[in-house]
Amino acid sequence: MVVARLDRPTRVRFKLKKQAHPLVDGYNVILGLPQVKDIFQRDKETPRDQLGRIARNIHDANGMRVMVFDGSGVDHEIVRPGKELTFSFLFSATSSTADNVIVDLLANARRSTAVTVVTKDQVIVHAALEHGATVMGPEEFLSWADTSDGEEGARAARTRSGEEDGFG
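These numbers come from a predicted model, not from an experiment.

Across the five residues that make up strand β4 (residues 87-91), a large majority, five, are buried. Side chains F87, F89 and F91 of β4 all project onto a buried face; the interleaved residues S88 and L90 project onto the opposite face, where all are buried too. Pairing analysis gives three bridges linking strand β3 (residues 77-79) to β4, with the strands arranged antiparallel. The partner of V79 across the bridge, within β4, is F89.

Here it is, written out as structure tokens:
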């Protein structure tokens, strides 16, 4: 059990592993990103879509499973914005919270040390650290996505240039 009080999420630099599983505390992350937070007051769907695009960069560039968690819904509901089974939004039931779902998933994970939890919520931070997961704040998540987007673009450019050479 972690007894140290954390004023903000522990930022851990790490080498990404192919089997890492980011769990994103959706509304918490949205409210932690100023560029999306303002829109959230008027419209909840647009910020969710923006968060999905941010997470998609990580998914596509790293080939990692990404699940984005948001609270609300009659039953637990999984929504897949694309064809991949590895990229999902999980909406918690009204009888639960996204926090409870994340804590339950951490507790039941086969390898919680391969999980990265993205949140500023101190309860979730403590739970993640107790289970050996890595914790990342919203701004670091955004940086990770930007880096992933740049890497994916560079890979695509190399592929295109290689194809052009073969056909030239």
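Now, onward.
A separate point is the nonpolar core. Ranked by size, the top nonpolar core spans 20 residues in total, and within it V29, I58 and F141 carry the most contacts. Elements supplying a minimum of two residues to this core: α1 (26-32), α2 (34-40), α3 (45-62) and α6 (138-167). Not counting residues within four places of it along the chain, the set of residues in contact with V29 comprises V24, L51, V118, T119, P138 and F141. L90, V101, V125 and A133 belong to the second-largest nonpolar core, a separate cluster that totals 13 residues.

Before going further, it helps to spend a moment on the side chain of S148. As for its placement among the helices and strands, S148 is situated in helix α6. Residues in contact with S148, not counting those within four places in the same chain, are N57, I58, A61 and N62.

By the secondary structure assignment, L106 is in helix α4 (residues 98-108). You can call L106 buried: its relative accessible area is 1%. The spacing of L106 and A127 is 21 residues in sequence and 7.9 Å in space, taken between C-alpha atoms. In contact with L106, other than residues within four places in its own chain, are S112, V115, V117, A127, A128, H131 and A133.

With that settled, consider the layout of surface pockets. Considering only enclosed or pocket space, the largest pocket measures out at about 400 Å³ in volume. Along its surface, the largest pocket is lined by 16 residues, and H21, R65, A109, R110 and V115 are the ones closest to its centre. Listed by contribution, the elements that provide at least two residues to the lining of the largest pocket are β1 (21-25), β2 (66-70) and α4. For the lining of the largest pocket, the residue count by class is nine nonpolar, four polar and three charged.

Remark: α4 packs on helix α5 (residues 122-130), axes separated minimally by 10 Å, with the N-to-C direction vectors making an angle of 5°. Taken as axis vectors, α4 and α5 run roughly parallel relative to one another. Contacts between α4 and α5 pair D99, I102, V103 and L106 from the former with I124, A127 and A128 from the latter. Of the residues belonging to the contact of α4 with α5, the class tally is six nonpolar, no polar and one charged.

Let us look at the environment of S95. Tracing the chain through its elements places S95 in the loop between β4 and α4. In sequence terms S95 and H76 are 19 residues apart; their C-alpha atoms lie 9.3 Å from each other.

Conventions used here
Residues numbered from 1 in each chain as written. Predicted model: local features only at pLDDT ≥ 70, side-chain atom pairs only at ≥ 80, totals over all residues. Heavy atoms only, no water. Buried < 20%, exposed > 50% of the residue type's maximum accessible area, 1.4 Å probe, protein only. Helix = DSSP H or I, 4+ residues; strand = E, 2+ residues; numbered from the N terminus. Pairing = 2+ DSSP bridges. Core = buried A, V, L, I, M, F, W, Y, C linked by side-chain atoms within 4.5 Å. Contact = heavy atoms within 4.5 Å. 1 Å grid on protein atoms, 1.4 Å probe; cavity = no way out; pocket = protein on both sides within 12 Å on 5 of 7 lines; lining within 4 Å. Points joined across faces, edges and corners; volume = space filled by probe spheres on them. Nonpolar A, V, L, I, M, F, W, Y, C, P; charged D, E, K, R; others polar. Axes fitted to C-alpha atoms, helices over the stretch in contact; angles between N-to-C directions. Parallel < 35°, antiparallel > 145°, perpendicular 65-115°, else oblique.

Read these as geometric descriptors, not functional statements.
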